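# Geometric and topological summary
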Amino acid sequence: MPTPEHGDANAVRIGVYICHCGTNIAGTVDVHAVAEHAGTLPGVVVAREYKYMCSDPGQELIKADIREHRLDRIVVASCSPHLHEKTFRGAVADGGVNPFHFQMVNIREHVSWVHPDKRAGTEKADALVRAAVSRVRHHKPLETRRVPVRSDVLVVGGGIAGIHAALTLADAGKHVTLVEREPTIGGHMAMFDKTFPTLDCAACILTPKMTAVKAHPNITLWAYAEVQAVSGYVGNFTVTVKRKPRYVRDDVCVGCQECIDACVYKVGKEPDAFNLGMSKRKPIYLPFPQAVPQVVTIDPESCIEFKSGKCKKTCVEACADRHAIDFTQQERIETIEVGTILLTTGFKVFDAKRLPSYGYGTYPNVYTALEVERLLNASGPTAGEMVLRDGRTPRTVGIIHCIGSRDEHTNKHCSRVCCMYALKLAHLVQERTGAEVYDFYIDMRTPGKGFEEFYNRVAEEGVHFIRGKVADVYPTAEQDGRLILQAEDTLLGNVRRIPVDMVILAVGLEAQADAEDVRRTFNITCGTGGWFTERHPKLAPVATFTDGVWIAGACQGPKDIPDTVAQAGAAAGEALALINAGHIELEPNTAYIVAADCSGCKTCVPMCPYKAIGFDAEQGKAAINEVLCKGCGTCVSVCPSGSARQNLFEDDEIYAEIGGVLAHA
Amino acid sequence: MPETTTGSAAAAERFEPRIVAFFCNWCTYLAADLAGTTRLKYAPNIRVVRVMCSGRIDPQFVLDAFAKGADGVLIGGCHPGDCHYESGNYKTLRRFQLLRRTLRALGIEDDRFRLEWLSASEAEPLKTVVNDMVEKVRALGPLHLEVPAEAFAAEGEEVAAR
C-alpha cells in the first residue's frame with residue numbers, strides 16, 4: 001500500500017552502510033559480501049562498507065550519498081542501536097532526511113562478537129540487513145516529542161555520593177529533596193576513622209558537608225524516609241515517600257540530647273547499629289554525635305512507653321517546654337514532583353559469617369574491617385582505643401584480604417577498596433598499638449593516585465606482607481584467645497602458621513540487600529550481583545537505560561570515596577544539563593488510533609498500564625493520549641481491527657522485517 | 001548432541017534451523033547485547049526482531065514467521081514483575097499459552113515455540129536458551145506445515161490495506 005506521506009513505498013531510494021568497526025565486525029563477518037548482497041536488494045541505490053561508520057568521515061559518507069543519490073532511506077549495519085542509533089539518526093537528519101527514515105542493524109553484539117564462524121556470521125548479517133532494507137521502506141517521517149523538564153531533583157541515599165550530588169545541584173540553584181532511610185545522613189563514610197591514602201579524618205571532611213546539606217536553602221532533607229513508588233517519566237516524575245515516625249518532632253528537636261540522659265534506662269541495652277553492635281544504646285538515641293539532622297529517634301521496639309504504656313516518660317520531662325517528643329507520631333506519606341532522579345544508594349559489606357573457616361562470630365578476636373574502623377574512631381565504642389573485646393591491647397594482628405571478593409563461592413568481583421583500606425588499617429593499628437601486623441594478600445591492588453606510594457610507606461613502617469590466602473583460622477593449643485593463621489606463602493613456597501591476638505577480615509563490598517526492589521521502583525536494570533547497570537560502561541557510566549534516572553557511587557559497583565564523589569558530581573552535572581535545556585526529546589514510538597477503522601470494542605483500553613487510552617463515548621472510538629503513552633505497543637497487538645498502531649513499530653514494518661530475516665538470499 | 005559426525009561435509013549438510021526471536025528492547029535485547037560485549041559464543045541460527053515490549057508481539061507475528069519458513073520462534077521478555085512497562089510481559093504470557101495450543105492444533109511442536117524471561121544481565125542464560133532451542137529444533141527437523149502457509153500468513157501489505 002502506498003504510504004500517503006511519501007508516495008509509493010516501492011519507489012524509495014535506500015542507502016546501506018556496513019561498518020567494519022575496525023576488525024570487530026570485519027574480523028568475523030565478510031563485510032564486503034554483505035555490502036554486495038545489500039546492493040542487490042530492491043530499492044537499494046547505494047551499498048557501501050566502511051571502516052568506522054560512527055566516525056565523522058563515516059557519517060559524512062551518508063550525508064554525501066544522500067545529496068548525490070537522492071537517498072530517502074538509510075540502513076546502517078554496525079553495533080547495537082543502544083549505542084549509536086542516535087548518532088546515525090543525527091547524520092541522516094543532517095543530510096536532510098527525516099531521522100526516522102533510518103534502520104539500524106546490530107551485526108556486532110548480535111553477530112560478529114558471538115558467532116566465530118565467518119560463513120554463518122555473514123549469512124546472519126545478510127539476513128538482518130535484508131530485514132532492515134525491507135522494513136525501512138515502510139518507515140514514515142516522524143517528529144520527536146518535546147516534554148518540559150521540571151527543575152526539582154530527587155536524590156536517594158545520603159552517603160557521600162548523595163551528599164555531594166545534592167550540594168552540587170543545590171548550589172546551582174535547583175531544589176533537591178534528599179531521601180535517606182537511616183535516621184542520619186553520612187552513610188558508610190561517617191563510620192570510618194581515616195581515609196586512604198591521605199589519612200584525612202573521615203569526619204573532618206564529611207561532617208561539614210553533612211551540615212551544609214541541612215543548612216542549604218535549596219535542599220529538603222528527609223532522613224528516616226524511604227521512596228515507596230515512582231511514576232511518570234523523565235522530566236515529570238511523581239514520587240511517593242514514606243517518612244517513618246521518629247516519635248520526635250524534627251521541627252522542634254534541637255539535638256540537645258537531654259532526653260537521652262534522662263531516659264529511665266541508665267545505660268543502653270540495645271545493640272548500637274552504628275557501632276555494629278559493639279556498644280549499646282538507649283531506646284532514645286542519636287546514631288552518632290555529628291548526626292544530621294540533629295534529631296533524636298525513639299525505637300518503639302525497646303522503649304518502655306511503647307511496650308507497656310507505663311513509663312515515667314522522663315524524656316518528655318527533660319524536653320520540657322520544647323515538647324519535641326510525640327509518642328503519637330504516625331508514618332507520613334508525602335508526594336513530590338521532580339524532573340530528575342539520582343540514585344546513590346551505596347553498598348553493604350560482605351557478611352563474614354558466610355565463610356565459617358575464618359572464624360568470624362565463633363572466635364571473639366576475629367573482627368571485620370568495618371568493626372575495626374569503629375574501634376579506631378574517637379566516637380566509636382571504645383572512644384578510639386584499639387582494644388580487644390576483653391580489654392587487652394593486641395600485640396600481634398593479622399589482616400586477611402579478599403574476604404567475599406575474588407572467590408568463586410561468594411563473589412567473583414574484586415571489591416576494589418579492600419587492599420587500600422587494609423593498608424590503612426595496618427598503618428593505624430600499628431601506630432596506635434605498636435603491634436606486629438601481618439597482612440595476607442593475594443594480589444596487592446593499589447591503582448590510584450598516591451596509592452602505591454602509600455603501600456610502600458606502610459611496608460617501610462614494618463608491616464609484614466605475606467602473599468597467600470589464609471586457608472584456616474584456629475585457636476592456639478594454649479587456648480589463650482590467640483588464633484593461628486595458616487596460609488601458603490606463595491612467594492616463599494612454604495606454609496606459614498602465624499599466631500595473632502587479633503584477626504581483621506578485609507570484607508568485600510556487595511550490592512544492597514534490597515537493590516532488586518530499588519531497581520524495580522525506579523525501573524532501572526541490575527547487573528550480576530545486584531549492582532545497578534550504567535547505560536554504557538565507558539561513555540555513559542552514570543546514566544541508566546531509564547531517561548532521567550542517574551546512578552552514582554557504590555550502588556553501581558565497588559568504589560572508593562574519590563571515585564564516588566567524582567561520579568556524584570558527574571551525575572549531578574548530567575542532571576543539570578537536562579534541567580538547563582528545559583526539555584527533553586522523547587522517542588516518537590507512541591501508539592495511536594486510526595479513528596476511521598476503530599470499531600469501539602474497547603479491547604485496548606484495559607491493556608494500557610498508564611491509562612493512556614480513553615474512550616470517546618460520543619464517537620464510539622478509542623483515543624490514545626500521546627503524552628501518557630510510553631510506547632510499549634501492548635494495545636496495538638490486541639486490536640482486532642488493526643486501528644491501534646505504533647509509530648516505529650508498525651505492523652507492516654514488523655512483517656517486512658520477519659519476511660526479510662526469513663527470505664532466502 | 002545429535003549428529004556430531006566427523007568431517008566438514010557432514011557438518012555442512014547438517015540441518016540449520018532458522019529461528020525468529022522477538023526480543024523486548026529493555027531486557028532480552030540487552031541480554032543479547034551483553035552476550036556480545038562479553039564475547040559469549042552461541043548458535044548463529046537466531047534472527048532477532050526488536051520490539052519495545054514483548055507485549056507488542058501480536059500472535060500473528062508468530063504465525064507469520066512460521067508461515068514464512070521459520071523453524072522456530074523464540075520470545076524473550078523481562079522477568080515477571082520487571083517489565084519496563086509494568087505488565088506487558090504478563091499479557092505476553094497469556095497470549096503465549098493460548099497461541100501454543102493453537103500451534104499444536106496446526107501440528108507445530110512445543111519445542112518450536114518458546115517464551116523465555118531473560119533480564120539484561122542474563123547473557124549466559126540467553127546463550128543456554130538459544131543453544132538448547134537450536135538443538136531441539138534441529139532434532140525436530142524442518143517445519144512442514146500441514147495447512148497451506150497462506151492460510152495464516154499475514155502479509156504486511158495486506159494488513160496495511162485492510
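Residues numbered from 1 in each chain as written. Chains lettered and ligands numbered in written order. Predicted model: local features only at pLDDT ≥ 70, side-chain atom pairs only at ≥ 80, totals over all residues. Heavy atoms only, no water.

## Details of the overall build of chain A
Applicable threshold: Helix and strand definitions here come from DSSP, where helices need a minimum of 4 consecutive H or I residues and strands a minimum of 2 consecutive E residues; each element is numbered from the N-terminal end. Here the term buried applies to any residue with accessible area under 20% of the maximum for its type, exposed to any over 50%, and partly exposed to those in between, with areas from a 1.4 Å probe on protein chains only. The contact rule is simple, with two residues in contact once any of their heavy atoms fall within 4.5 Å. All accessibility values rest on the Shrake-Rupley procedure with a 1.4 Å probe; residue burial counts only the protein chains present in the view. His is not counted, nor are the chain ends; Lys and Arg add positive charge and Asp and Glu add negative charge. The location of each charge is read from NZ of Lys, CZ of Arg, CG of Asp or CD of Glu.
Secondary structure summary: chain A contains 16 helices and 34 strands in total. Projected onto the principal axes, the alpha-carbon positions of chain A cover approximately 90 × 70 × 40 Å. The buried share among the 665 residues of chain A stands at 56%. Counting contacts in chain A only where the partners sit at least 6 residues apart, residues at least 24 apart contribute 69% of the total. If you sum the accessible surface of chain A, you get close to 27,000 Å²; carbon and sulfur atoms cover 51% of it. The centroid of the 71 positive side-chain charges in chain A is displaced by 2 Å from the centroid of its 80 negative side-chain charges.

## Some remarks on helix H2 (residues 28-37) of chain B
Given 3.6 residues per turn, any residue in an α-helix points the same way as the ones three and four places further on. The buried count for H2 of chain B comes to 8 of 10 residues, which makes it a mostly enclosed element. Looking one or two residues beyond H2 of chain B, the residue adopting positive phi is arginine 39 of chain B, at roughly 55°.

## Details of the pairing of strand E1 (residues 19-24) of chain B
Residue and element names in this part refer to chain B. For the record, the criterion: Here, a strand pair is defined by DSSP locating no fewer than two bridges between the strands. Look down the strands so they point away from you; if going from the first strand over the helix to the second traces a clockwise path, that crossover is right-handed.
Within E1, 6 of the 6 residues are buried, which leaves the element mostly enclosed by the surrounding structure. Across 5 bridges, the pairing between E1 and strand E3 (residues 72-77) is parallel. Pairing of isoleucine 19 across the sheet is with glycine 72, part of E3. Alignment of E1 against strand E2 (residues 46-51), held across 6 bridges, turns out to be parallel. Residue pairing in the sheet places valine 20 in a bridge with arginine 47 of E2. Following the backbone out of E1, through H2 and into the adjacent parallel E2, one traces a crossover that is right-handed.

## A word on the domain arrangement of chain A
Interface size is often expressed as the accessible area that is lost when the parts come together. The test is simple: The split into domains, and so the bounds of each, comes from an automatic or database assignment of domains.
What the domain assignment lists for chain A is domain 1 (4-144), domain 2 (160-204 + 222-239 + 337-346 + 553-579), domain 3 (258-318), domain 4 (348-510) and domain 5 (591-646). Spacing between the C-alpha centres of domain 2 of chain A and domain 5 of chain A amounts to 40 Å.

## Digging into the sheet that holds strand E10 (residues 219-223) of chain A
Residues and elements named next belong to chain A. The following threshold applies: Between N-to-C directions, angles cover 0 to 180 degrees, with each direction set by a line fitted to C-alpha atoms, over the stretch in contact for helices.
Sheet architecture is open: 5 strands sit in the order E10-E7-E6-E18-E29, paired in parallel fashion. Looking along the sheet, the strands with just one partner apiece sit at the ends: E10 and strand E29 (549-551). With strand direction ignored, the average angle separating the axes of adjacent strands in the sheet is 15°. With 5 bridges joining them, strand E7 (residues 176-180) and E10 adopt parallel strand pairing. By the bridge assignment, valine 179 is partnered in E10 with tryptophan 222. Taken strand by strand, helix H6 (residues 160-171) contacts strand E6 (153-156), E7, E10 and strand E18 (340-343), and its axis lies near 170° from that of E7.

## A look at empty space enclosed by the protein
What counts, and what does not: In this analysis, the protein atoms alone were mapped onto a 1 Å grid. Cavities are point sets where a 1.4 Å probe fits without being able to get out; pockets are open sets with protein on both sides within 12 Å along at least five of seven lines; lining residues have an atom within 4 Å of a point. Grid points are joined across faces, edges and corners, and a volume is the space filled by probe spheres set on the points.
In this structure the tally under the stated criterion is 9 cavities of 30 Å³ or more. What the largest cavity holds in volume is close to 290 Å³. Looking at the largest cavity, it is lined by 24 residues, and the ones nearest its centre are Gln103, Met104 and Glu657 of chain A together with Tyr29 and Arg50 of chain B. Sort the elements by how many residues they give to the lining of the largest cavity and strand E4 (residues 102-106) of chain A lands first, with 5 residues.

## Concerning the pairing of strand E33 (residues 621-624) of chain A
Residues and elements named next belong to chain A. Of the two faces of E33, the one holding Ala622 and Ile624 is buried and the one holding Lys621 and Ala623 is not buried anywhere. Relative to E33, strand E32 (residues 613-616) is paired through 4 bridges, and the arrangement is antiparallel. Its bridge partner being in E33, isoleucine 613 is matched across the sheet by isoleucine 624. Taken together, E32 and the strand that follows it, E33, pair antiparallel across an intervening segment of 4 residues, in which glycine 620 is found at a positive phi of about 70°.

## Considering the interface of chain A and chain B
Definition in use: Once two parts are brought into contact, the accessible area they lose, counted with a 1.4 Å probe and summed over both, makes up the buried area. By salt bridge we mean one thing: a side-chain nitrogen of Lys or Arg within 4 Å of a carboxyl oxygen of Asp or Glu. Each polar contact in these results corresponds to two N or O atoms within 3.5 Å; when the atoms are within protein, one needs to be able to donate a hydrogen and the other to accept it, and residues that are neighboring in sequence are counted only if both atoms are side-chain atoms. Charged means Asp, Glu, Lys or Arg here, nonpolar means Ala, Val, Leu, Ile, Met, Phe, Trp, Tyr, Cys or Pro, and polar covers whatever is left, Gly included.
Contact residues are listed per partner, giving 56 residues for chain A and 57 residues for chain B. Summing both sides of the interface, chain A and chain B together bury roughly 4,800 Å²; the carbon and sulfur share of this comes to 57%. Of all residues in chain A, Trp113, Tyr655 and Leu662 of chain A give up the largest surface area on contact with chain B, accounting jointly for 15% of the area buried on that side. Measuring nitrogen to oxygen at the nearest pair gives 2.9 Å for the salt bridge that ties aspartate 82 of chain B to arginine 519 of chain A. Inspection of the chain A/chain B interface yields 21 residue pairs in polar contact (both at pLDDT 80 or more). Elements with a contribution of two residues or more to the side of chain A that touches chain B: helix H3 (81-94), helix H4 (108-112), helix H5 (118-136), helix H14 (515-522), strand E34 (644-646) and helix H16 (651-662) of chain A. Looking at which element gives the most residues to the side of chain A that touches chain B, the answer is H16 of chain A, with 9 residues. For the side of chain A that touches chain B, a count of residues per class yields 24 nonpolar, 20 polar and 12 charged.

## Focus on the environment of histidine 84 of chain A
All names here are of chain A. In this fold, histidine 84 is placed in helix H3. Expressed as a C-alpha distance, the spacing of histidine 84 and valine 605, which sit 521 residues apart in the sequence, is 35 Å. The residues touching histidine 84, leaving out its near neighbours within four places in the chain, are Cys54, Cys79 and Met104.

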